[in-house]
Protein chains: 2
Amino acid sequence: MNFPSKLIEDAVNEISKLPGIGKKTALRLSLHLLKQDQSFATSLAQAIIDLRTRTTYCTVCHNLSDTPVCSICSSPKRDHSVICVVEDIPDVLAIENTAQYTGLYHVLGGVISPMQGIGPDNLHLDSLLRRTEVDSNKEPVREIILALPATMEGDTTAFYLSRKLKPTGVKITTIARGVPVGGELEFTDEITLGRSILTRTNYSTE
Amino acid sequence: MNFPSKLIEDAVNEISKLPGIGKKTALRLSLHLLKQDQSFATSLAQAIIDLRTRTTYCTVCHNLSDTPVCSICSSPKRDHSVICVVEDIPDVLAIENTAQYTGLYHVLGGVISPMQGIGPDNLHLDSLLRRTEVDSNKEPVREIILALPATMEGDTTAFYLSRKLKPTGVKITTIARGVPVGGELEFTDEITLGRSILTRTNYSTE
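Calculation criteria
Residues numbered from 1 in each chain as written. Chains lettered and ligands numbered in written order. Predicted model: local features only at pLDDT ≥ 70, side-chain atom pairs only at ≥ 80, totals over all residues. Heavy atoms only, no water. Least-squares fit on C-alpha atoms with pLDDT ≥ 70 in both. Contact = heavy atoms within 4.5 Å. Axes fitted to C-alpha atoms, helices over the stretch in contact; angles between N-to-C directions. Helix = DSSP H or I, 4+ residues; strand = E, 2+ residues; numbered from the N terminus. Parallel < 35°, antiparallel > 145°, perpendicular 65-115°, else oblique. Left-handed = near helix turned anticlockwise from the far one by under 90°. Core = buried A, V, L, I, M, F, W, Y, C linked by side-chain atoms within 4.5 Å. Buried < 20%, exposed > 50% of the residue type's maximum accessible area, 1.4 Å probe, protein only. UniProt positions renumbered as here; feature names shortened; annotations may be inferred. Domains from an automatic or database assignment. Pairing = 2+ DSSP bridges.

Examining the relation of the copies chain A and chain B
Then step 1. Aligned on chain B, chain A shows an RMSD of 0.0 Å; the corresponding rotation is 180 degrees and the shift along the axis is 0.0 Å. Between the two chains, the operation in question is that of a two-fold axis. Measuring from the rotation axis to each C-alpha of chain A, the shortest distance belongs to alanine 45 of chain A, at 2.1 Å.
Then step 2. When the interface residues of chain A are mapped onto chain B, 100% of them again fall at the interface, so both copies present the same face.

Considering the packing of helix α1 (residues 6-15) of chain B against helix α2 (residues 23-35) of chain B
Residues and elements named next belong to chain B.
Then step 1. In the contact formed by α1 and α2, the axes pass within 8 Å of each other and the chain directions differ by 125 degrees. With respect to α2, the element α1 is oriented oblique. Considering only the axes of α1 and α2, their crossing is right-handed. Only Lys23, Ala26, Leu27, Leu29, Ser30, Leu31, Leu33 and Leu34 of α2 make contact with α1, whose side of the interface consists of Ile8, Ala11, Val12, Asn13 and Ile15.

Things to note about the nonpolar core
Then step 1. Ile8 and Leu33 of chain A together with Ile8 and Leu33 of chain B are the most contacted members of the largest nonpolar core, which totals 74 residues.
Then step 2. Not counting the four nearest positions on each side in its chain, isoleucine 8 of chain A is found in contact with Phe3, Leu27, Ser30, Leu31 and Leu34 of chain A together with Leu51 and Leu64 of chain B.

Examining the UniProt feature "zinc finger region: C4-type" (unreviewed entry) in chain A
Then step 1. This chain's UniProt record puts "zinc finger region: C4-type" (unreviewed entry) on residues 58-73 of chain A.
Then step 2. Between the end C-alpha atoms of residues 58-73 of chain A there is a gap of 8 Å, over a span that is 0% helix and 12% strand.

Some details on the domain arrangement of chain A
Then step 1. Split by domain assignment, chain A resolves into domain 1 (7-54), domain 2 (79-174) and domain 3 (178-206).
Then step 2. Just the C-alpha atoms count here: the centres of domain 2 of chain A and domain 3 of chain A sit 25 Å apart.

Some details on the sheet that holds strand β4 (residues 103-107) of chain A
Residues and elements named next belong to chain A.
Then step 1. Pairing in this open sheet of four strands is parallel, and the strands run β4-β3-β5-β6 from one edge to the other. Two strands bound the open sheet, and with one partner strand each, they are β4 and β6 (171-174). The average undirected angle you get between the axes of adjacent strands in this sheet is 25 degrees.
Then step 2. Here five bridges tie strand β3 (residues 79-86) to β4, and the two strands are oriented parallel to one another. In the sheet register, aspartate 79 faces β4, and the bridge partner there is glycine 103.
Then step 3. Strands β3, β4 and β5 (143-147) of the sheet are contacted by helix α4 (residues 89-98), whose axis makes an angle of about 160 degrees with β4.
Then step 4. Lying on the sheet, helix α6 (residues 152-165) is in contact with β3, β5 and β6; it crosses β5 at an angle near 170 degrees.

Have a look at this one:
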């Protein structure tokens, strides 16, 4: 692509480095920026810089937070005896959006993946173990829910975690795997369907 | 969506103001930014600000340009006797990418659209008329190609322009409308197909 201006070429190159945005989309966005007020571009740029330079993480659960302890970890309304272990921040947002969970979280920051060189030491595992320690100042942890991806890496991490957490005596659960709500049986893959039969639950109309 | 941090909420809000980017995509981009080096975010932000604050337009053709007269208008290799009139900057890039055109351009900055309150006065029409004036210092304009969109607004603008340009005696042409290359006849709309029969050209194997 031949650009008439170095400035637009730079902008297209930078914007197209973002995932899922190609050169054509980047050009469309750049031309849109040119047509807007200058304040639009400056506030966008400022938000990007602030996000990257000022964002901090919760020291307890490693979720994004503007304060040393995030609003979930510091909320008296949440059940502090349950911790849901997730791979990354979007998972917290996804579970929060269901409005079905009132416990706390623990963001691992990834899953064990020898192929990508991610071992247990690269994840927030020590801090999770520390959270399960009995401390007279806080409510003891009663249950740890593993909400990890249903991939080989996710299963490996879940297995590793369950072994590490066994000595603590905390109850370890995992989110249900099965046919999605609204899913047709004939289009469900055989592993999910097979597992959903093996892990069938009592029928309840409540 | 409940955000754990005001900074990410701001970033998502700003990014999702861009056309074609929703909240979910904006969140994905924001989390990607957080995982990259700080230089990634700062150079992206800088490119956006530079684009909006430092970009200038060619005084002759109104295309984007870093110099008062753009590289196309100032090139001695281009045919200065032909001007291709387009609606906006992406059209210039699209035609340049075909590598089939060696003349100059004129960017109108829109098309006449009474519904959107865009009249002839809002477009770069006067400067186009001035370019057709005979001047001993430059090559006279021989042909004006109208490459406007095949919409009611585009056709209106083409009609208006042809009337305005008639007194100048310059030859006025328009890009061919017809069945696209690779297009199936049965899936071509009847107006395009009908027009392509009426405006048929001599068959040539050259």
